[in-house]
Amino acid sequence: MAFQKQSVVVLAPAKLNLSLDVVGLLPNGYHDLDMVMQAITLYEHITISRSEYLDLFLPGSFVPANEKNTAYKAALAFFHYTGLLAGAQITIRKQVPVRAGMAGGSADAAGVLVGLNELYGAGLSMSELCALGAQIGADVPFALMGGTCRVQGVGDLLKPLPPCPDCHFVVVMPSVGISTPEAFKRYDTMGSPVHPDCDRQEQAIRAGTLADLCAAAGNALEHCSGAVETSAICEKLNAHGAVTSLMTGSGAAVFGIFEDAAKAGEAADALRQHYDQVYLARPDRGGARVVASHGAKNNRRKGQK
């Protein structure tokens, strides 16, 4: 009797930018980026079940569950690439803030690709999944890889790094999110006084030195993102013991890096008095992955129809 998976559960971690620099423009008009990205222990929870149809549900979220959703696009890309005549019911319980610069939508897409690959036993390699993911969004390949990576180009050039030095993150989402295209338009107009040393930060990670990692942190989009609460949040995080604090991605979420768990907890409690979305997290060493599967026994024998 064969055991056929009927559903899988996937965890897909959010990301933070430990550094983000804009180093130029590519021939296709996109910005050429140099970044160090870190997966964290804040997850999208994705359940995927076999179905004749393709249905997406996002209970409790205001994100539209339509054909423009990254999760839906990922499922279509998977079925087109594999040629499988099948469908899926996808339910995503979103935990990652929206318009935050934390790649929640990319995590959803990565989780769907990983989950469908497992559910239908397609056997796609990580490189195949990343190639599919890159068609959906720039951050999807990292969401698949996870851990700590040096990321360049538009997000398509990934170099895995050793694990980030042990630390604690306090992530704060302001009341208003940021549009990524708008943030880059403002960068083109305003430029930035901040250009972090990603080489130095990579060296600090390889050396396992948190202080040097923090000293090299920075985000070239922070001053032009249009996120008006960034400075105030950073000040509060630093006042409560953060080694450094900065905006992630194109915003609007801000995070502080703490050496001490108790200080991180105190900072989170203090920030919760002012902001509704405050999260405690730690570095995660992986990307989107299946954490459970459920199935049924298939009684058919060889030769049976």
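Quick note: structure is the one above.
Parameters and conventions
- Residues numbered from 1 in each chain as written.
- Predicted model: local features only at pLDDT ≥ 70, side-chain atom pairs only at ≥ 80, totals over all residues.
- Heavy atoms only, no water.
- Phe/Tyr/Trp six-rings, centres within 6.5 Å; stacked < 30°, edge-to-face > 60°.
- Buried < 20%, exposed > 50% of the residue type's maximum accessible area, 1.4 Å probe, protein only.
- Helix = DSSP H or I, 4+ residues; strand = E, 2+ residues; numbered from the N terminus.
- Contact = heavy atoms within 4.5 Å.
- Axes fitted to C-alpha atoms, helices over the stretch in contact; angles between N-to-C directions.
- Parallel < 35°, antiparallel > 145°, perpendicular 65-115°, else oblique.
- Left-handed = near helix turned anticlockwise from the far one by under 90°.
- Nonpolar A, V, L, I, M, F, W, Y, C, P; charged D, E, K, R; others polar.
- 1 Å grid on protein atoms, 1.4 Å probe; cavity = no way out; pocket = protein on both sides within 12 Å on 5 of 7 lines; lining within 4 Å.
- Points joined across faces, edges and corners; volume = space filled by probe spheres on them.
- Expected span 1.5 Å × (residues − 1).
- Pairing = 2+ DSSP bridges.
- Salt bridge = Lys/Arg side-chain N within 4 Å of Asp/Glu carboxyl O.

Student: Hey, could you run me through the packing of aromatic side chains in this one?
Tutor: Two aromatic rings are characterised by how far apart their centres lie and by the angle between their planes. Evaluated as defined, the whole model comprises 3 aromatic pairs. Between Phe78 and Phe79, the aromatic rings sit 5.5 Å apart at their centres with planes inclined by 75°, giving edge-to-face as the arrangement. The residues Phe78 and Phe79 share a single accessibility class, namely buried. Each member of the aromatic cluster is reached from another via a ring pair, and the members are Phe78, Phe79 and Tyr120.

Student: Is there a simple way to think about the environment of Leu280 in this case?
Tutor: Note that Leu280 resides in strand β11 (residues 277–281). Here Leu280 is in contact with Phe169, Val170, Ala264, Gly265, Ala268 and Arg272, once residues within four sequence places are set aside.

Student: I'm lost on the packing of helix α1 (residues 70–82) against helix α3 (residues 126–136) in this one. Help?
Tutor: The axes of two packed helices give the description: the angle between them and the distance between them. Taken N-terminus to C-terminus, the directions of α1 and α3 make an angle of 130°; their axes are 10 Å apart at the nearest point. When the interaxial angle is binned, α1 and α3 end up oblique. In this structure, α1 meets α3 at a crossing whose hand is right-handed. Counted together, Thr70, Lys73, Ala74, Ala77, Phe78 and Tyr81 of α1 and Glu128, Leu132 and Ile136 of α3 form the full contact between these two elements. Residue composition of the contact of α1 with α3, by class: 6 nonpolar, 1 polar and 2 charged.

Student: How do you make sense of the layout of surface pockets when you look at a structure like this?
Tutor: In this approach the atoms are scanned with a rolling probe the size of a water molecule, which exposes any empty space left behind. A volume near 1400 Å³ is recorded for the largest pocket. Forming the boundary of the largest pocket are 48 residues, of which Ser106, Ala138, Asp139, Thr180 and Pro181 lie nearest the centre. When residues of the lining of the largest pocket are traced back to their parent elements, those giving at least two are β1 (2–25), β2 (31–51), α1, α2 (104–119), α3 and α5 (180–190). When residues in the lining of the largest pocket are grouped by element, the largest group, 5 residues, is from α5. When its residues are assigned to classes, the lining of the largest pocket shows 23 nonpolar, 15 polar and 10 charged. The calculated volume of the second largest pocket comes to roughly 360 Å³. Lining the second largest pocket are 20 residues; nearest its centre among them are Phe62, Pro97, Val98, Met173 and Gln277. When the residues that make up the lining of the second largest pocket are grouped by side-chain class, the tally is 10 nonpolar, 7 polar and 3 charged.

Student: Help me understand α2 in this model?
Tutor: For an α-helix, 3.6 residues make a turn, and residues three or four places apart therefore share a direction. Under the 1.5 Å per step criterion, the end-to-end length of α2 is 22 Å for 16 residues, consistent within 8% with the ideal 22 Å. Burial within α2 is extensive, with 14 of its 16 residues counted as buried. One or two steps after α2, the chain reaches Gly121, where phi turns positive at roughly 60°.

Student: Got a minute to help me understand the packing of α2 against α3 in this structure?
Tutor: Where α2 contacts α3, the two axes come as close as 10 Å, and the packing angle between them is 145°. Here the hand of the crossing between α2 and α3 comes out right-handed. For the pair α2 and α3, the contacting residues are Ala109, Leu113, Val114 and Asn117 in the first and Leu129, Leu132, Gly133 and Ile136 in the second. Looking at the contact of α2 with α3, its residues break down into 6 nonpolar, 2 polar and no charged.

Student: Would you explain unusual backbone geometry in this entry?
Tutor: Leaving glycine aside, a negative phi is the common case for residues, and trans is the common case for peptide bonds. Going from Gly251 to Ala252, the amide bond is cis rather than trans, its omega being 15°. Counting through the fold element by element, Ala252 comes out in the loop between β9 (244–247) and β10 (254–258). The residue Arg99 is not glycine, and still its phi comes out positive at about 55°. Position of Arg99 relative to the elements: it lies in the loop between β4 (87–93) and α2. A positive phi angle, close to 60°, is found at Ala103, a residue other than glycine. Mapped onto the fold, Ala103 is located in the loop between β4 and α2. For Ala103, a relative accessible area of 16% gives the class buried.

Student: I tried to follow the sheet that holds β11 on my own but got confused; where do I start?
Tutor: Strand pairing in a sheet relies on backbone hydrogen bonds. The paired strands run either parallel or antiparallel. Within the open sheet, the 4 strands sit side by side as β9-β10-β7-β11. Their pairing is antiparallel. Unpaired on one side and paired on the other, β9 and β11 mark the two borders of the sheet. Neighbour to neighbour, the strand axes of the sheet diverge by 20° on average, direction disregarded. Where strand β7 (residues 168–173) lies against β10, 5 bridges are found, and the strand directions are antiparallel. Residue pairing in the sheet places His168 in a bridge with Phe258 of β10. Helix α9 (residues 261–271) contacts β7, β10 and β11 of the sheet and is inclined by roughly 10° relative to β7.

Student: I would appreciate a short explanation of the pattern of salt bridges in the present structure.
Tutor: A side chain with one charge can pair with a side chain of the opposite charge if their charged atoms come near. If you walk through the whole model with that rule in mind, you get 12 salt bridges. Here Arg272 ties to Asp269 by a salt bridge, and the two come within 3.3 Å at their closest N and O atoms. Measuring nitrogen to oxygen at the nearest pair gives 3.0 Å for the salt bridge that ties Asp284 to Arg289. Taking relative accessible area as the criterion, Asp284 reaches 5% and is therefore assigned buried. Residue classification places Arg289 among the partly exposed positions, given a relative accessible area of 28%.

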